[in-house]
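The lines below spell out each chain.
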Amino acid sequence: MSQSHPLDTQINQVNTRLEAARLGLKIERRGEKLNLRGTLPPRPQSHRLKPYQQRIPLSIPATKAGLKQIEQDAKVIAAKLIERTFSWQDYLPLANGKPLAGASLEEKIEAFRKHFLTFTQGQNALPASQLVTWEKAYAPYLKKLGHLANQHSQLSLAEAIYATVQATQPHSRSRQICCTALGAFAEFCSLPLPVDLKQFWGSYGNSRTQQRQLPSDDDIVTWFGHIPNPAWRFVYGMMATYGLRNHEVFFCDYQPLKSGDEAAVVTVLETTKTGLHDVWPFYPEWVERFNLRFINLPDLQTDLQQTTLQRIGQQVSTQFRRYGIPFSPYDLRHAWAVRTIHFGLADTVAARMMGHSVAIHNRTYHRWITQRDQQQAVKVALAHNRPQAPL
């Protein structure tokens, strides 16, 4: 402890009681603030694997009332430790010095934002992709949550979360993104939700992709020839041949392609939404047909200190509309994915090349994967022990 304080004797008395109760926690006074110390689980993102001696920065005023409060807090925290429900998110200080448990909804959302941009995407994620994900997939729904909670102050936070989810259109992509964002926020706040938000997802995904009218390979080749600008023809050709996202065309290592490498593999750089991954051409013949070994990118702003991945992608979509192309850039990506299925490429490999999970790949392309697997099963069945047809 620091210099003597009028409360020190009473602090020692409380610590004696805590020790007798074997709560494993001790009150510390640091200046005019009271905190707890004990053997606690590692903090989030700590390199430690086992519990060790740490301080819980409660920063309670060193007063008689504060001492009474921290003794009660010690009992609650000790119970959580025994039940293994203790979470650092309830006690780590926010920017204004408050613990999460006592913060307003606005403060919790701000703490979540800082946590997300610092830790959620992992050590290999880049700030540009994290910021885009936050601004487009998380911030809008947390803003809606805050607005709804202000309008209906009688609702608990869990009830407000459910109400925000149900305010989105059922069976829509926005419903799924809302569930993901608010589910992550609830987990950050250590808020138990009686009903898993995934149960509200609905059936968006399979039906939308199946209903999408994908361009045929002949259509893709035809429309390539209708684009007057060579640089935008290159963008179109890369998306068609490699299934790249709009913005990914501008963030690739094209050296193997330029050098005449037979495999013509393209490496999508870490700068992109999904990080570093390699992609092979389907069809390989389109590399030459679309003259893709001659790298000719449009002169766009690609400095992510000045722009975003989303803005780059929007410029690609704008050019498609300007040239009257009757399908979207993402239709080229979906057509590439379906093409790999018809080629018999393993779903795990195709998913890796597309930069998303196998679960998303299988859900999105379920119809074509199922058809491929059925055709293969029928082929095997007909090839073995086939009964003779009656004459």
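Here, every reference points to the structure presented above.
Residues numbered from 1 in each chain as written. Predicted model: local features only at pLDDT ≥ 70, side-chain atom pairs only at ≥ 80, totals over all residues. Heavy atoms only, no water.

## Observations regarding the sheet that holds strand β2 (residues 33-40)
Point 1. What the 3 strands build is an open sheet, ordered β1-β2-β3; its pairing is antiparallel. Edge positions in the sheet fall to β1 (25-30) and β3 (52-61), since each has one partner strand and no second. In this sheet, neighbouring strand axes are inclined to one another by 30° on average, regardless of whether the strands run parallel or antiparallel.
Point 2. Note that β1 and β2 share 6 bridges and pair antiparallel. Opposite Ile-27, over in β2, you have Leu-36 as the bridge partner.
Point 3. Along the sheet, helix α1 (residues 8-20) makes contact with β1 and β2, crossing β1 at roughly 165°.
Point 4. Most of the contacts of helix α2 (residues 64-83) go to β2, to which it runs at about 20°, and overall it touches β1, β2 and β3. (Pairing = 2+ DSSP bridges. Helix = DSSP H or I, 4+ residues; strand = E, 2+ residues; numbered from the N terminus. Axes fitted to C-alpha atoms, helices over the stretch in contact; angles between N-to-C directions. Contact = heavy atoms within 4.5 Å.)

## What about the nonpolar core?
Point 1. Tyr-236, Met-238, Tyr-242, Val-249, Phe-250 and Leu-257 are the most contacted members of the largest nonpolar core, which totals 49 residues.
Point 2. A per-element tally of this core places helix α9 (residues 230-242) first, with 8 residues.
Point 3. Excluding residues within four positions of it along the chain, Val-249 makes contact with Phe-234, Val-235, Met-238, Met-239, Leu-244, Tyr-254 and Leu-297.
Point 4. Grouped together as the second largest cluster of nonpolar side chains are 30 residues, Ala-137, Tyr-141, Ile-161 and Phe-185 included. (Core = buried A, V, L, I, M, F, W, Y, C linked by side-chain atoms within 4.5 Å. Buried < 20%, exposed > 50% of the residue type's maximum accessible area, 1.4 Å probe, protein only.)

## Some points on the packing of α9 against helix α12 (residues 309-322)
Point 1. Their axes nearest at 11 Å, the elements α9 and α12 cross at an angle of 105°. With respect to their mutual orientation, α9 and α12 come out roughly perpendicular. Of the residues in α12, those in contact with Trp-232, Val-235, Tyr-236 and Met-239 of α9 are Gln-315, Val-316, Gln-319 and Phe-320.
Point 2. Split by residue class, the contact of α9 with α12 holds 6 nonpolar, 2 polar and no charged. (Parallel < 35°, antiparallel > 145°, perpendicular 65-115°, else oblique. Nonpolar A, V, L, I, M, F, W, Y, C, P; charged D, E, K, R; others polar.)

## What about unusual backbone geometry?
Point 1. Put simply, Phe-282 and Tyr-283 share a cis peptide bond, and its omega is 10°.
Point 2. Assignment of secondary structure puts Tyr-283 in the loop between β6 (277-279) and α11 (286-289).
Point 3. Even without being glycine, Arg-84 reaches a positive phi, approximately 60°.
Point 4. Within the element layout of this structure, Arg-84 appears in the loop between α2 and α3 (105-120).
Point 5. Overall, Arg-84 belongs to the exposed group, its relative accessible area being 78%.
Point 6. Backbone geometry places Ala-264, a non-glycine residue, at a positive phi of 55°.
Point 7. Relative to the helices and strands, Ala-264 resides in the loop between α10 (255-258) and β5 (266-268).

## Description of the packing of aromatic side chains
Point 1. Evaluation of the coordinates by the stated rule reveals 21 aromatic pairs.
Point 2. Note on Phe-86 and Tyr-91: the rings are 5.5 Å apart at their centroids and 5° apart in plane angle, and the pair reads as stacked. Each member of the pair, Phe-86 together with Tyr-91, is buried.
Point 3. Both rings, one in Phe-234 and one in Tyr-254, keep their centres 5.7 Å apart while their planes meet at 70°; by these two values the pair is edge-to-face. Remark: Tyr-254 occurs in the loop between β4 (252-253) and α10 and Phe-234 occurs in helix α9; sequence separation between them is 20 residues.
Point 4. Among the residues examined, Tyr-254 registers a relative accessible area of 7% and is labelled buried.
Point 5. In textbook terms, an aromatic cluster arises when at least three aromatic residues are bridged by ring pairs, as seen for Phe-224, Tyr-236, Phe-282, Tyr-283, Trp-286, Phe-290, Phe-320, Phe-327, Trp-336 and Phe-343.
Point 6. The cationic tip of Arg-43 hangs over the ring face of Trp-88; the distance from NZ or CZ to the ring centre is 4.5 Å. (Phe/Tyr/Trp six-rings, centres within 6.5 Å; stacked < 30°, edge-to-face > 60°. Lys NZ or Arg CZ within 6 Å of the ring centre and 35° of its normal.)

## Here we look at helix α14 (residues 347-354)
Point 1. Three or more residues of α14 are buried, namely Asp-347, Ala-350, Ala-351, Met-353 and Met-354. Taken around the axis of α14, the buried residues stretch over an arc of 160°, which confines them to a single face.
Point 2. Just beyond α14, the residue with positive phi is Gly-355, at close to 75°. (Arc of directions from axis to C-beta.)

## Overview of the packing of helix α13 (residues 329-343) against α14
Point 1. Between α13 and α14, whose axes approach to 10 Å, the crossing angle comes to 160°. One element, α13, and the other, α14, form an angle in the roughly antiparallel class. Relative to α14, α13 is oriented so that their crossing is right-handed. In this structure, α13 uses Arg-333, Trp-336, Ala-337 and Thr-340 to contact α14, whose residues at the interface are Ala-350, Met-353 and Met-354.
Point 2. Broken down by class, the residue content of the contact of α13 with α14 amounts to 5 nonpolar, 1 polar and 1 charged. (Left-handed = near helix turned anticlockwise from the far one by under 90°.)

As far as function goes, none of this settles anything; it's purely spatial.
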